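Geometric and topological summary
Here are the chains, one letter per residue:
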Amino acid sequence: MRKLAVAGPSVALVVMGALHLFYPGVVDPLQGLLSDYALGDATGALFLLGMLALAAGACAAAYQLAEVDPVRSAAARVLLVMASAGLVLSAIFPTDPAPVVESLSGEIHRWSTALVFTAIPGAGWILARQSRTPLPVVRALALTSVAVLAFFLLSHPGSPLAELIGGPEFYGLLERLLVVLEIVLLIMIAGVGHKPQTTSKEIPAHAPYAENIR
């Protein structure tokens, strides 16, 4: 399951790179959103693959955490499952062509994407707080994701501050940065959920008469 937890986000990252490398003129990387790739005939299937791979990775990470520390990781697992569901919904229900959202599909896509963007850093933050061992990288990625998300929302064309900070000029770039941060965060969470294999030389502290075993 750990392989899926790492492979899912990794595939999503590769797909994101492939969309930009092989289809450079489809979406403006500075102003266009990643969701717009779903509307292209050549890019729609590839975008769908990336979303579903990321959803599988989030779900696998939640399963791993349940095996390693089911009590402390409960809240983080709920958020990861919610993120996975949000990714599936975002993949099934594409957005509307820019600049406005008019259809039911577009509204579902908008709110499910919002769920993903908030649930993943929330899971990372809770996991870092509840873990028995310090997780400074997970905590830092979660905080950075929240900061970028806040700036991303302020840069939204509908925000009253968007024009003041020049948000529409780099709105798409901010979203890409946010997506990369959250993908890396998922990979780090997968590492946290990895349960080290015990060797035959290791003796559990609670084993009876452990002191007599050599």
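Residues numbered from 1 in each chain as written. Predicted model: local features only at pLDDT ≥ 70, side-chain atom pairs only at ≥ 80, totals over all residues. Heavy atoms only, no water.

**Concerning a nonpolar patch on the surface**
On the surface, a cluster of nonpolar side chains totalling about 320 Å² of accessible area is made up of Leu13, Val137, Val180, Val184 and Met188. The biggest single contributor to the nonpolar patch is helix H6 (residues 167-192), with 3 residues. Position of Met188 among the secondary structure elements: in helix H6. Residue classification places Met188 among the partly exposed positions, given a relative accessible area of 31%. (Patch = residues over 30% accessible without salt bridge, like charges linked within 9 Å, V, L, I, M, F, W, Y side chains within 5 Å. Areas by Shrake-Rupley, 256 points an atom, 1.4 Å probe, with all protein chains shown as cover. Salt bridge = Lys/Arg side-chain N within 4 Å of Asp/Glu carboxyl O. Helix = DSSP H or I, 4+ residues; strand = E, 2+ residues; numbered from the N terminus. Buried < 20%, exposed > 50% of the residue type's maximum accessible area, 1.4 Å probe, protein only.)

**Considering the packing of helix H4 (residues 104-130) against H6**
It is the contact of H4 with H6, at a shortest axis distance of 10 Å, that shows an interaxial angle of 40°. By the angle class used here, H4 and H6 are oblique. Taken as a pair, H4 and H6 cross one another with a handedness that is left-handed. Mapping the contact onto sequence places Val116, Phe117, Ile120, Pro121, Gly124 and Leu127 in H4 and Glu175, Leu178, Val179, Glu182, Leu185, Leu186, Ile189 and Val192 in H6. (Axes fitted to C-alpha atoms, helices over the stretch in contact; angles between N-to-C directions. Parallel < 35°, antiparallel > 145°, perpendicular 65-115°, else oblique. Left-handed = near helix turned anticlockwise from the far one by under 90°. Contact = heavy atoms within 4.5 Å.)

**Quick word on the confidence of the model for the protein**
For the protein, mean pLDDT is 88; residues scoring 70 or higher make up 90% of the total. Taken element by element, the predicted model of the protein shows its lowest mean pLDDT in H6 (93) and its highest in helix H3 (residues 74-92) (97). In the model, residues 197-214 has pLDDT below 50 throughout and makes 4 contacts with residues more than four positions away in sequence or in other chains. (pLDDT = per-residue confidence, 0-100.)

**Brief notes about the side chain of Asp96**
In this structure, Asp96 sits in the loop between H3 and H4. We note that Asp96 is buried and unpaired, the nearest opposite charge coming from Arg110 at a distance of 7.5 Å. A polar contact of 2.6 Å, which involves the side chain of Asp96, links it to the backbone nitrogen of Glu102. At 2.6 Å, the side chain of Asp96 forms a polar contact with the side chain of Ser103. In contact with Asp96, other than residues within four places in its own chain, are Leu39, Val101, Glu102, Ser103 and Gly106. (Lys, Arg positive; Asp, Glu negative; His and termini not counted. Polar contact = N/O pair within 3.5 Å; in protein donor to acceptor, adjacent residues only side chain to side chain.)

**Some thoughts on the nonpolar core**
Counting 47 residues, the largest nonpolar core has Leu80, Phe152, Leu185 and Ile189 as its most contacted members. Put simply, the parts of the chain that give this core at least two residues each are helix H1 (2-22), helix H2 (44-68), H3, H4, helix H5 (136-154) and H6. For this core, the element with the most residues is H6, which contributes 10 residues. Not counting residues within four places of it along the chain, the set of residues in contact with Leu80 comprises Ala58, Ala61, Ala62, Leu65, Ala123, Leu186 and Ile189. (Core = buried A, V, L, I, M, F, W, Y, C linked by side-chain atoms within 4.5 Å.)

**What about the environment of Val101?**
Tracing the sequence through the fold places Val101 in the loop between H3 and H4. Residue classification places Val101 among the partly exposed residues on the basis of a relative accessible area of 25%. Among all residues touching Val101, those that are not within four sequence positions of it are Asp96, Gly106, Glu107 and Arg110.

**A word on H3**
Structural remark: α-helix, 3.6 residues per turn; residues separated by three or four positions point the same way. Its 19 residues give H3 an end-to-end C-alpha distance of 27 Å, which sits within 8% of 27 Å, the value for a rise of 1.5 Å per residue. Buried residues of H3: Ala76, Arg77, Leu79, Leu80, Ala83, Ser84, Gly86, Leu87, Ser90 and Ala91, and no others. Here the buried face of H3 lies against H2, H4 and H6. (Expected span 1.5 Å × (residues − 1).)

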